[in-house]
Amino acid sequence: MTTPDTPASGRVPFNDLGRSALMDTLRAAVDEVVTAGDFVHGRAIGSFERQFAAYNGTAHCVGTSSGTSALQCALAAVGCGPEDEVVTVSATFVATAAAIVHTGASPVFVDIDPATRTVRPDQVRAAISARTRAIVPVHLYGHPADPQELSAIGAEHGIPVVVDASHAHGATWYDGPAAVHADVSCFSFYPSKNLGAFGDAGALVTDDADIARRARALRDHGREDGEVVAAGHNWRMDTVQAAVLGAKLPHLDEWIELRRRAADGYRRLLEGTGLTLPAVAAGAGHAYHLYVVRHPERDVLQAELARHGIDTRIHYPRAVHDLRPFRAFRTAPEGLPETEALARQCLSLPLFPGLTDEDLDAVARAVRAALRTVGKRAAASAGPADGAVPAHPYRPTATARN
Ligand SMILES: Cc1ncc(COP(=O)(O)O)c(C=O)c1O
């Protein structure tokens, strides 16, 4: 007999990219590009850019080859370069900081709010110096980093806010898209993202015509109206990716709604279990790219969940300022305790639009069973009077690729 506490035997994958009712439509979109042969600079690019700008409530969209190149292109377009500083977070995927470093600028890492896992505006304010050229908040896991407060800080100091919105397609702030508040928002269309391509792709959106013009030139070898106006790059989006994204975009809101329903289900089923669940700030429309819980015994919990067939990931196991290439950069003077705690404790549960109620139940049962084991182990390791500490048999089993 199963009870609510009996772990389910069914396996729950972390994601399922092959399960899409849209496959025929997507194949037809790719076919059109193949037939037209316009693989680079193709028609589907302009058409997707117009669609995605409208979706974000912005005047311009510039498609790029990846989320990383969108960030680099945006930072270069707002003028970041050597000698500059960029205030950002360390609780993010390494690409955010790498894009800053590749412009020649230095990241300055500040801490996050432990509830929303996004940047603390007071720390951004405190970190601004005469050298600050941009502020780069990250809408981590899909929760918007206070767009109004950050754009007010940017405006006060005349510093552009360039958001890493790679996790946040569909995130809103009060009654509109979060992107309308930033100078530039950058997106990744890595296949597992809320809006995913059939490979790598990215885009930036902005209301600023000059930024959009510079970004268009920078992504295409510095070319503008037949002239080379800058030493540019090849950061172009492939036409095939634009066609796939254009066919998927009309479904994005429906998929975000399914993600939100799954997140509500997790909240209902997991509240009171001892996990710290994601919080949502007033005004924030969380896009739930990831459903990230926290627990002090995260590695044991992950291994136990794997034993019960529940596939989880860690986003991200190390804070960026703790990675070798980034250790030399400045951090907030008080350190980044909340960022470091998140890296030690975060665990991403399965979340994708096709997740069923049965999947949610299976995860919740497994979590309860796993937490019982965690509790028993904690009691046992507190046990021996001679102070002997049992060897820890658990290691993280799955970290995220990005
Ligand atoms: C927060 C964040 N920023 C930037 C990127 C880089 O995007 P891409 O892999 O498309 O270059 C990712 C990708 O996973 C990301 O999660």
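Shown above is the structure to which this text applies.
Residues numbered from 1 in each chain as written. Predicted model: local features only at pLDDT ≥ 70, side-chain atom pairs only at ≥ 80, totals over all residues.

A. Here's a closer look at the sheet that holds strand S12 (residues 284-285). In space, the three strands of this open sheet follow the order S7-S6-S12, with antiparallel pairing throughout. Only two strands of the sheet have a single neighbouring strand rather than two, namely strand S7 (176-177) and S12. Relative to S12, strand S6 (residues 172-173) runs antiparallel, the two being bridged by two bridges. Looking at the pairing, Trp173 lines up with Ala284 of S12. (Pairing = 2+ DSSP bridges. Helix = DSSP H or I, 4+ residues; strand = E, 2+ residues; numbered from the N terminus.)

B. View of the sheet that holds strand S5 (residues 162-164). Within the open sheet, the four strands sit side by side as S1-S9-S8-S5. Their pairing is mixed. Strands at the two margins of the open sheet, each flanked by one partner only, are strand S1 (60-64) and S5. Neighbouring strand axes in the sheet, compared pairwise and without regard to direction, differ in orientation by 20 degrees on average. As paired elements, S1 and strand S9 (residues 202-206) share five bridges and run antiparallel to each other. Within S9, the position partnered with His60 by the bridge is Thr206. Its contacts with the sheet place helix H2 (residues 43-56) against S1, strand S8 (184-188) and S9, and it is angled at close to 130 degrees to S1. Running over the sheet, helix H7 (residues 209-219) touches S1, S8 and S9 and is turned about 15 degrees from S1. (Axes fitted to C-alpha atoms, helices over the stretch in contact; angles between N-to-C directions. Contact = placed C-beta atoms within 7 Å.)

C. Geometry of helix H4 (residues 94-102). Along H4, the residues classified as buried are Ala95, Thr96, Ala97, Ala99 and Ile100. Structurally, H4 contributes buried residues whose contacts are with helix H3 (67-77), strand S2 (85-89), strand S3 (106-110), strand S4 (132-136) and S5. One or two residues past the end of H4 sits Gly104, with phi positive at roughly 100 degrees. (Buried ≥ 20, exposed ≤ 12 C-beta atoms within 10 Å, placed from the backbone.)

D. Structural context of the pairing of S9. Taking burial as the measure, the five residues of S9 include five buried ones, the bulk of the element. Side chains of S9 alternate between two faces, with Gly202, Leu204 and Thr206 and Ala203 and Val205 buried alike. Direction of pairing for S8 relative to S9: antiparallel, over a ladder of five bridges. When the bridges of S9 are listed, Ser185 appears paired with Val205.

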